[in-house]
Amino acid sequence: MNSFHMTLSGAVMLALSGLVTGASAQTVDIAKGKQKAEVCMSCHGADGFTAAAPAIPHLAGQDRDYLVKALTAYRAADTRTDETMTAMAKPLSDSDIINIAAFFSSLPPGKP
Ligand code: HEC
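Scope of this entry: the structure provided in the associated data block. These numbers come from a predicted model, not from an experiment.

1. Re the overall build of the protein chain
Okay, so step 1: Helix and strand counts for the protein chain come out as six helices and zero strands.
Okay, so step 2: In sequence order, the protein chain lays out its α and β elements as α-α-α-α-α-α.
Okay, so step 3: With 112 residues in all, the protein chain has 28% of them scored as buried.
Okay, so step 4: Carbon and sulfur atoms make up 63% of the accessible area of the protein chain, which amounts to about 7300 Å² in all.

Quick look at the structure:
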């Protein structure tokens, strides 16, 4: 690995850790996320894949940061609006969102 790559990956690591600690001072708790996600499972499936209807997206194995971004956007109802998902995201705190995202992200993705 040359020094350019070392510097680059170091910068990415720094940016990522800044993102996580910036959003919340807590550590990620997947068990808490699973608890909080119970209400989501009626639509998105307990496995995050067997959704209740075709228009409900799969969450299992999805990138954690993407899920955080999606949920934060639904909650703010600015860049992403969906009546159902905004209602679901409204009561979530920043740490709820991080934990729930970590939980769904940790599930094995379903078959395509
Ligand atoms: C009543 C059914 C229902 C419930 C309950 C529900 N969702 Fe959703 N969810 C949907 C639908 C429908 C969409 C697609 C909305 C759209 O078109 O933007 C969606 C979209 C999403 C997305 C975007 C996925 C992507 O690929 O962009 C995320 C993330 C998400 N839901 C997470 C959750 C979480 C977390 C909960 C629980 C707090 C939850 N949902 C509860 C129906 C539901």
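2. Section: the coordination of the iron atom of the ligand
Okay, so step 1: Here the iron atom of the ligand is held by H44 (NE2) and M85 (SD), and the distances to it run 2.0 to 2.1 Å.
Okay, so step 2: Coordination at the iron atom of the ligand is octahedral: its six donor atoms span angles of 88 to 179 degrees at the metal. Of this pair, H44 sits in helix 3 (residues 38-44) while M85 sits in helix 5 (residues 83-89), and the two are 41 residues apart along the sequence. Both residues of the pair, H44 and M85, count as buried.

3. Comments concerning the layout of surface pockets
Okay, so step 1: Computed from the structure, the largest pocket encloses a volume of approximately 530 Å³.
Okay, so step 2: Forming the walls of the largest pocket are 28 residues, and the residues nearest its centre are H44, L59, L71, Y74 and M85.
Okay, so step 3: Sorting the residues of the lining of the largest pocket by element identifies helix 3, helix 4 (64-76), helix 5 and helix 6 (94-106) as the ones contributing at least two each.
Okay, so step 4: Classifying every residue of the lining of the largest pocket by side-chain character gives 20 nonpolar, five polar and three charged.

4. Regarding unusual backbone geometry
Okay, so step 1: At A77, a position not held by glycine, the phi torsion is positive, near 50 degrees.
Okay, so step 2: The topology assignment puts A77 in the loop between helix 4 and helix 5.
Okay, so step 3: Overall, the relative accessible area of 30% leaves A77 in the partly exposed class.

5. Concerning the site of the ligand
Okay, so step 1: Around the ligand, a shell composed of 18 residues is seen, among which C40, C43, H44, Y66 and M85 lie nearest.
Okay, so step 2: Taking Y74, its side chain carries an N or O atom lying 2.7 Å from an oxygen atom of the ligand.
Okay, so step 3: The cavity where the ligand resides is the largest pocket.
Okay, so step 4: Broken down by secondary-structure element, the contributors of at least two residues to the shell around the ligand are helix 3, helix 4 and helix 5.

6. Describing the pattern of salt bridges
Okay, so step 1: For the structure shown, the criterion picks out two salt bridges.
Okay, so step 2: One salt bridge in this structure joins D94 and R75, with 2.6 Å as the shortest N-O distance. Within this pair, whereas D94 is found in helix 6, its partner R75 is found in helix 4, the two being separated by 19 residues in sequence.

What counts as what
- Residues numbered from 1 in each chain as written.
- Predicted model: local features only at pLDDT ≥ 70, side-chain atom pairs only at ≥ 80, totals over all residues.
- Heavy atoms only, no water.
- Helix = DSSP H or I, 4+ residues; strand = E, 2+ residues; numbered from the N terminus.
- Buried < 20%, exposed > 50% of the residue type's maximum accessible area, 1.4 Å probe, protein only.
- Areas by Shrake-Rupley, 256 points an atom, 1.4 Å probe, with all protein chains shown as cover.
- Donors = N, O, S within 2.8 Å, 3.2 Å for Na, K, Ca; no water.
- Tetrahedral: all angles 85-135°; square planar, octahedral: opposite > 155°, others 65-115°.
- 1 Å grid on protein atoms, 1.4 Å probe; cavity = no way out; pocket = protein on both sides within 12 Å on 5 of 7 lines; lining within 4 Å.
- Points joined across faces, edges and corners; volume = space filled by probe spheres on them.
- Nonpolar A, V, L, I, M, F, W, Y, C, P; charged D, E, K, R; others polar.
- Near = heavy atom within 4 Å.
- Polar contact = N/O pair within 3.5 Å; in protein donor to acceptor, adjacent residues only side chain to side chain.
- Sits in = over half its atoms within 2 Å of the grid points.
- Salt bridge = Lys/Arg side-chain N within 4 Å of Asp/Glu carboxyl O.

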